[in-house]
Amino acid sequence: MLSGARCRLASALRGTRAPPSAVARRCLHASGSRPLADRGKKTEEPPRDFDPALLEFLVCPLSKKPLRYEASTNELINEELGIAYPIIDGIPNMIPQAARMTRQSKKQEEVEQR
C-alpha cells in the first residue's frame, strides 16, 4: 500500500498523470464530462432545435408580452416592439442588447419615403 502511494506521489511530482481508474472513467461518463485528452477533439454534434413548448413560459423581457417563434430565422419575435431575439443552439438569448430590430423606426420610414 505504501509503495502504491509513493508511485502516485512520484508521478504527481514528475507532472505525469496516471490514467484514470475505471471508477473515475465511469463517473466522468455519467456526469457528461469528457476526459482532458478528449476535450481538444472537436465532435460534430447536431445543432439543438428550439422547443416550441417553451413559448408557453417565455415572454419578452421588455414588454412582458408573448413571443412568436420564427423557424426560418430561428428567432423569437415580439411583434409589438418589432424586435427579434436570437436562438443559439436551441437556447433563446433573451438579453435585450442581443435582440435585433425587425422593423424600422418611424423616423427612418419617414426619411426613406421622401
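You'll find the structure just up there.
What counts and how
- Residues numbered from 1 in each chain as written.
- Predicted model: local features only at pLDDT ≥ 70, side-chain atom pairs only at ≥ 80, totals over all residues.
- Heavy atoms only, no water.
- Pairing = 2+ DSSP bridges.
- Helix = DSSP H or I, 4+ residues; strand = E, 2+ residues; numbered from the N terminus.
- Buried < 20%, exposed > 50% of the residue type's maximum accessible area, 1.4 Å probe, protein only.
- Polar contact = N/O pair within 3.5 Å; in protein donor to acceptor, adjacent residues only side chain to side chain.

K.L.:
I keep staring at the pairing of strand β3 (residues 83–88) and nothing clicks. Help me out?
P.N.:
Remember that side chains alternate between the two faces of the sheet whenever the strand is regular. Alignment of strand β2 (residues 75–78) against β3, held across four bridges, turns out to be antiparallel. Residue pairing across strands places I77 opposite A84, the latter belonging to β3. A loop of four residues connects β2 with β3, the two strands running antiparallel in sequence, and G82 in this loop sits at a positive phi of about 70°. With two bridges connecting them, β3 and strand β5 (residues 100–101) associate as antiparallel partners. By the bridge assignment for β5, A84 is matched with R100. Relative to strand β4 (residues 91–92), β3 runs antiparallel, the two sharing two bridges. Opposite I88, over in β4, you have I91 as the bridge partner. Hairpin geometry of β3 and β4 is characterised by an intervening segment of two residues between the two adjacent antiparallel strands and by a positive phi of about 55° at D89.

K.L.:
Can you walk me through the side chain of N78 in this structure?
P.N.:
By the secondary structure assignment, N78 is in strand β2. On the basis of relative accessibility, which here comes to 1%, the residue N78 falls in the buried class. A polar contact of 2.9 Å, which involves the side chain of N78, links it to the side chain of S63. There is a polar contact of 2.9 Å between the side chain of N78 and the backbone nitrogen of L81.

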